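If you want the building blocks of each chain, they are given just below.
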Amino acid sequence: MRVNETNPPEDRTIVLQSKLYQAAQRDPKRRFHALYDRLSVSYVLQSAWELVRRNQGAAGVDQQTLADIEAQGVSEFLAEIAQSLRDKTYRPQPVRRVEIPKRGDPTRTRPLGIPTVRDRVVQAACKLLLEPIFEADFEDCSFGFRPEKGALDALEAVHQTSRRGFRWVVDADIQQFFDQLDHQTLMAALRRRISDGEVLRLIYRWLKAGYLPQGGVLSPLLANVYLHGFDQAQRTQKAFIGRLTRYADDFVIQCGTAPQAARALEWTREQLACVGLTLHPAKTRVVNDREEGFDFLGFHHRRVLLTGSRKESRGVLRWPSKKACRRFREQVRTWVGPPGRLRREPGECLRRLGRFLQGWKHYFRHGESARTFAKLDQFVTERVARNLARSQPKGKKRQRRHWGDIAQEVEREGVLPKLGRLGTETLQALRGRAKARWRAV
């Protein structure tokens, strides 16, 4: 039996990715031309299927779910995809568009594109091949949706930059990034590394089918490719002295003085205009990290006076932002239900609430969040107590208890999960920081 037949598909995919990564590192100007044939290779498609299955996801326009495919046979499903790719008859289906509440503003919605499972598998296979190539080029200031990098790394970069005296911050927001993104500009960015016409045509068909607007498997990688030129320009520019920290389309630029920050803002407008993007006029500003502070990745960052001292903290401290706390309260109201009745059975309500609180603490414990945790714990207790108080039977001979008494009883019994009490020893590593094995092969 041949060795390549005994190796698992995942390992063979990693070896292929490693070769692509090393080749891209050796020659920064190399353009890769023989990629399309790799998409239909059985072990690449098998690895892509495993990736899609781990991410779960809803059905697309064909209403075919992951469970339906597993019931019918995964091997046959992947063989059909491979044959359509080899015959060049594969065509992406339209995305299923749904409107979901906009984060931070429930009164507004944003579109989400849900591809079919078949299209998600082909996109995942394409991502497996393209990611190592472009990872060899990406700048260190980019942290979003990249292997071995994540939000915590971006937050630490902001903190370390502030410790070096960069007090003035360009707090920027790109206006409707996925809607304004120019397809021709993106294709030009892809052609700098990819010369395989079939792969480029495949990606262009996905773009025209509506895949890039948040929802496609390949969307985060393509967004990073689109903004890579912006990262490169910041590293080589001479207009100002400062450091860029970018997480997908969210970024800040930290500078040493107010004039430097003003020049950085003007430079940013010019650079983004070159690729068809604009900054949100109401959400973009220059701030001082001591006087106002700034929000980034769910945290509020600010340089503060230390307790019992007139000295400033060395660098910014961070805690959950007002916007993050507002979302927290909205989600708790969703789990607990409207006033007067619990949305679910008490036991189920507590379990769901506990999972939500643990996930929330998992992220926001990486900061000076204890005081905010205490306030939010108090909110949860009060919300549940008021709900229980209003659900008491009514009647002249009924003795109704005040919600404050119920809150004290809930506190004594300790039945509610608490952000301040949840342990951290069982928490897993945050997603997005997993090791890319193909870097070390």
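Residues numbered from 1 in each chain as written. Predicted model: local features only at pLDDT ≥ 70, side-chain atom pairs only at ≥ 80, totals over all residues. Heavy atoms only, no water.

Draft legend 1. Structural context of the side chain of Ser 40. Here Ser 40 lies in the loop between α3 (36-39) and α4 (42-55). Ignoring any residue separated from it by four or fewer positions in sequence, one finds Ser 40 in contact with Leu 45, Ala 82, Leu 85 and Arg 86. (Helix = DSSP H or I, 4+ residues; strand = E, 2+ residues; numbered from the N terminus. Contact = heavy atoms within 4.5 Å.)

Draft legend 2. Here's a closer look at the sheet that holds strand β9 (residues 317-320). On the basis of which strands lie adjacent, the open sheet formed by 3 strands has the order β7-β8-β9 and antiparallel pairing. Of all strands in the sheet, those bounded by a partner on one side alone are β7 (294-296) and β9. This sheet shows a mean twist of 35 degrees between the axes of neighbouring strands, independent of strand direction. The sheet contact formed by strand β8 (residues 299-302) and β9 spans 4 bridges and is antiparallel. Each residue of the ladder has a partner; that of Phe 299, found in β9, is Pro 320. This element, helix α8 (residues 151-163), spans β7, β8 and β9 of the sheet and lies at about 150 degrees to β7. (Pairing = 2+ DSSP bridges. Axes fitted to C-alpha atoms, helices over the stretch in contact; angles between N-to-C directions.)

Draft legend 3. Structural context of the packing of helix α12 (residues 219-236) against helix α13 (residues 258-274). As a packed pair, α12 and α13 sit with axes 10 Å apart at the nearest point and diverge in direction by 145 degrees. Two packed elements cross with a definite hand, and for α12 against α13 that hand is right-handed. On the side of α12, the interface is formed by Leu 227, Phe 230, Ala 233 and Gln 234, while α13 contributes Trp 267, Thr 268, Gln 271 and Leu 272. Looking at the contact of α12 with α13 residue by residue, the classes come out as 5 nonpolar, 3 polar and no charged. (Left-handed = near helix turned anticlockwise from the far one by under 90°. Nonpolar A, V, L, I, M, F, W, Y, C, P; charged D, E, K, R; others polar.)

Draft legend 4. The packing of aromatic side chains, seen in detail. Summed over the entire model, instances satisfying the criterion amount to 16 aromatic pairs. Summarising the aromatic geometry, the rings of Phe 177 and Tyr 226 are spaced 6.1 Å apart at their centres and angled 80 degrees between planes, so their arrangement reads as edge-to-face. Separated by 49 residues along the polypeptide, Phe 177 in helix α9 (residues 177-180) and Tyr 226 in helix α12 bring together distant segments of the chain. Classification of Phe 177 by relative accessible area gives buried; the value is 3%. Given the relative accessible area of 5%, Tyr 226 is considered buried. Taken together through their ring pairs, the aromatic side chains of Phe 299, Phe 328, Phe 356, Trp 360, Tyr 363, Phe 364 and Phe 373 make up a single cluster. A cation over a ring is seen here: Arg 318 above Phe 299, with NZ or CZ 5.6 Å from the ring centre. Lying over the aromatic face of Phe 379, Arg 329 brings its terminal NZ or CZ to 5.6 Å of the ring centre. (Phe/Tyr/Trp six-rings, centres within 6.5 Å; stacked < 30°, edge-to-face > 60°. Buried < 20%, exposed > 50% of the residue type's maximum accessible area, 1.4 Å probe, protein only. Lys NZ or Arg CZ within 6 Å of the ring centre and 35° of its normal.)

Draft legend 5. Structural view of the pattern of salt bridges. A complete count under the given rule lists 20 salt bridges for this structure. A salt bridge links Glu 135 to Arg 146, with the shortest nitrogen-to-oxygen separation between them at 2.9 Å. Residue Glu 135 is found in helix α7 (residues 117-135), and its partner Arg 146 is found in the loop between α7 and α8; the two are separated by 11 residues along the sequence. Here Glu 135 matches Arg 146 in class, with each residue buried. A salt bridge links Glu 139 to Arg 235; the shortest N-O distance between them is 2.9 Å. Of this pair, Glu 139 sits in the loop between α7 and α8 while Arg 235 sits in helix α12; the two residues are 96 residues apart in sequence, bridging distant segments of the chain. (Salt bridge = Lys/Arg side-chain N within 4 Å of Asp/Glu carboxyl O.)

Draft legend 6. Looking closely at α8. Helix length check: α8 (13 residues) gives 19 Å between terminal C-alpha atoms against 18 Å at 1.5 Å per residue, within 8%. Buried residues of α8: Ala 151, Leu 152, Asp 153, Ala 154, Leu 155, Ala 157, Val 158, His 159, Thr 161 and Ser 162, and no others. Residue Gly 165 follows α8 closely and has a positive phi angle near 95 degrees. (Expected span 1.5 Å × (residues − 1).)

Draft legend 7. Layout of the packing of α4 against helix α6 (residues 74-86). Close contact between α4 and α6 brings their axes to 10 Å; oriented N to C, the two are set at 120 degrees. Overall, the two elements α4 and α6 adopt an arrangement that is oblique. The way α4 lies across α6 gives a crossing that is right-handed. Facing α4, whose interface residues are Leu 45, Gln 46 and Trp 49, α6 presents Val 74, Phe 77, Leu 78, Ile 81 and Ala 82. Across the contact of α4 with α6, the residue classes break down as 7 nonpolar, 1 polar and no charged. (Parallel < 35°, antiparallel > 145°, perpendicular 65-115°, else oblique.)

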